[in-house]
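# Commentary on secondary and tertiary structure
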Amino acid sequence: MDLVTLKDIQEARERIKGQVKYTPVLQCSEADRLTGRQVYFKAEHLQSTGAFKIRGALNAVALLKSRSDKEGVKHPGVVTHSSGNHGQALARAASVVGLPCTIIVPKGTPACKMDAIKRFGAELIECYPSPSGRIEAMQKVCKETGKVYISSCDDPDIIAGQGTIGLELLEQVPDVDAILVAMSGGGLASGIGVAIKALRPSCRVYLVTPLGKMMEQCLRSGEREWPNPPQFLDTIAEGIKLQQAGHNAFKILQEVAEKEVFEISDEEMIEAMKFSFHRMKQVIEAAAGAAVAALFTDKMASLPADIKKVGVIVCGGNVDITNLPWYDSFSKGY
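Note that the coordinates shown come from a computational prediction; the quantities given were computed from them, not determined experimentally. (Residues numbered from 1 in each chain as written. Predicted model: local features only at pLDDT ≥ 70, side-chain atom pairs only at ≥ 80, totals over all residues. Heavy atoms only, no water.)

### Thoughts on the side chain of arginine 37
- Structurally, arginine 37 can be placed in the loop between α2 (29-35) and β2 (38-43).
- Comment: no salt bridge for buried arginine 37; closest opposite-charge side chain is aspartate 306, at 6.5 Å.
- Of note is the side chain of arginine 37, whose polar atom sits 2.6 Å from the backbone oxygen of isoleucine 307.
- In contact with arginine 37, not counting residues within four places along its chain, are Asp32, Met300, Ala301, Leu303, Pro304, Ile307, Lys308 and Val310. (Helix = DSSP H or I, 4+ residues; strand = E, 2+ residues; numbered from the N terminus. Buried < 20%, exposed > 50% of the residue type's maximum accessible area, 1.4 Å probe, protein only. Lys, Arg positive; Asp, Glu negative; His and termini not counted. Salt bridge = Lys/Arg side-chain N within 4 Å of Asp/Glu carboxyl O. Polar contact = N/O pair within 3.5 Å; in protein donor to acceptor, adjacent residues only side chain to side chain. Contact = heavy atoms within 4.5 Å.)

### Notes on the nonpolar core
- Within the largest apolar cluster, 77 residues are counted, with the highest numbers of intra-cluster contacts made by Phe41, Leu180, Leu207, Met215, Leu253, Phe262 and Val312.
- Ignoring any residue separated from it by four or fewer positions in sequence, one finds leucine 207 in contact with Val181, Met183, Ala189, Met215, Leu219, Leu253, Ala257, Val261 and Phe262.
- Core analysis: the next-biggest nonpolar cluster, separate from the first, contains 23 residues, Ala60, Cys101, Met114 and Ile158 among them. (Core = buried A, V, L, I, M, F, W, Y, C linked by side-chain atoms within 4.5 Å.)

### Quick notes on the layout of surface pockets
- The computed volume of the largest pocket comes to approximately 330 Å³.
- Forming the walls of the largest pocket are 18 residues, and the residues nearest its centre are His81, Ile135, Cys153, Leu242 and Gly246.
- Residue contributions to the lining of the largest pocket peak at 3 residues, all from helix α6 (residues 131-145).
- Partitioned by chemical class, the residues of the lining of the largest pocket number 7 nonpolar, 8 polar and 3 charged. (1 Å grid on protein atoms, 1.4 Å probe; cavity = no way out; pocket = protein on both sides within 12 Å on 5 of 7 lines; lining within 4 Å. Points joined across faces, edges and corners; volume = space filled by probe spheres on them. Nonpolar A, V, L, I, M, F, W, Y, C, P; charged D, E, K, R; others polar.)

### Looking at empty space enclosed by the protein
- Counted according to the given criterion, the structure contains 3 cavities of 30 Å³ or more.
- If you add up the space inside the largest cavity, you get close to 290 Å³.
- Lining the largest cavity are 26 residues, with Phe52, Lys53, Ser184, Gly239 and Ile240 positioned closest to its centre.
- Sorting the residues of the lining of the largest cavity by element identifies α4 (85-97) and α8 (187-199) as the ones contributing at least two each.
- A class-by-class count of the residues in the lining of the largest cavity yields 10 nonpolar, 11 polar and 5 charged.

### Focus: the pairing of strand β10 (residues 309-314)
- Taken across its 6 residues, β10 has 6 buried, putting it largely inside the fold.
- With burial as the criterion, each face of β10 is covered, one bearing Lys309, Gly311 and Ile313 and the other bearing Val310, Val312 and Val314.
- Across 3 bridges, strand β7 (residues 178-182) lies against β10 in parallel orientation. Across the sheet, residue isoleucine 179 finds its bridge partner in β10, namely glycine 311. (Pairing = 2+ DSSP bridges.)

### What about the packing of aromatic side chains?
- All told, the structure shown has 4 aromatic pairs when counted by the stated rule.
- Considering the side-chain rings of tryptophan 226 and phenylalanine 250, the 5.4 Å spacing of their centres and the 75° angle between planes classify their relative orientation as edge-to-face. Of this pair, tryptophan 226 sits in the loop between α9 (215-221) and α10 (247-256) while phenylalanine 250 sits in helix α10; the two residues are 24 residues apart in sequence, bridging distant segments of the chain.
- Taking relative accessible area as the criterion, tryptophan 226 reaches 5% and is therefore assigned buried.
- Assessed through its relative accessible area of 3%, phenylalanine 250 is described here as buried.
- Here the guanidinium or amino end of lysine 241 rests over the ring plane of phenylalanine 232, the centre of that ring lying 4.5 Å away.
- The ring of phenylalanine 262 is capped by lysine 299, whose NZ or CZ atom sits 5.7 Å from the centre of that ring. (Phe/Tyr/Trp six-rings, centres within 6.5 Å; stacked < 30°, edge-to-face > 60°. Lys NZ or Arg CZ within 6 Å of the ring centre and 35° of its normal.)

### Quick look at unusual backbone geometry
- With an omega of 0°, the peptide bond between asparagine 228 and proline 229 qualifies as cis.
- Looking at the secondary structure, you find proline 229 in the loop between α9 and α10.
- Although it is not a glycine, threonine 49 sits at a positive phi angle of roughly 70°.

Limitation: the analysis is restricted to geometry and does not speak to function.
In structure tokens form, the structure reads like this:
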């Protein structure tokens, strides 16, 4: 049985309608010139909460609330661990439907992301900056409060919500030939991939990661070859620093994503951020910079000539402007 279907994504779109923005597609003549292709930037950095994550979070909490209401019981609330964007999104979504919410963030999370979480009324807990530290803190909250854990990448309802981006993009650029999408746990990429492949099977979905992700190796072998325990990658892009993909997301990505993966260095992300700031007048975070950077790689130049129209998912814009990665004072925070 499919983990997430086109029908799930279409129903998610109806469920979150009116609470999320139909984000624009931006174009840049300089990007077209440099790549020799037509490039379409799906501007999720302009989304509510500054990133795509609100789509999945709203879908997941709305379904939870609906189920508890039908059962006539009071829901204890939700909890997650997050590098910031999913935390912001879940905090806002929980406030919309009236559920208590706790967000666990690793120490060093950008202040702009933590401040936003608190503004939405969620409880904020800082933890040791490692995957195991995040999980242990989350499990403690679940045990003590009964709150339900909402994964940023592996919950099927989250994946379906993120997939609504694919529906919109195909309405805006119906004949898109390929899509570049940065990934951490893989919820965004898997959701978009399901939507795209269901409606335009010829479109290629390319994953973009920091160095050391091992995603291409795992996709080609069909095995989870990552070392355990899970670890963070050494990257400026805190939004995509998880090395391992989620279990459900990985299963989906094996079916919908190309085996060829774009690995992007910190330096390439920085240059792509600067390109977006200067050429497009768009403020984006490093994770989004990774997808933009993929456009200007030799790997992109070597792709088949029949890939004429390329969609780039600009996943977020929650960047601390006092701690930009090209400042001498820049700190990764972990």
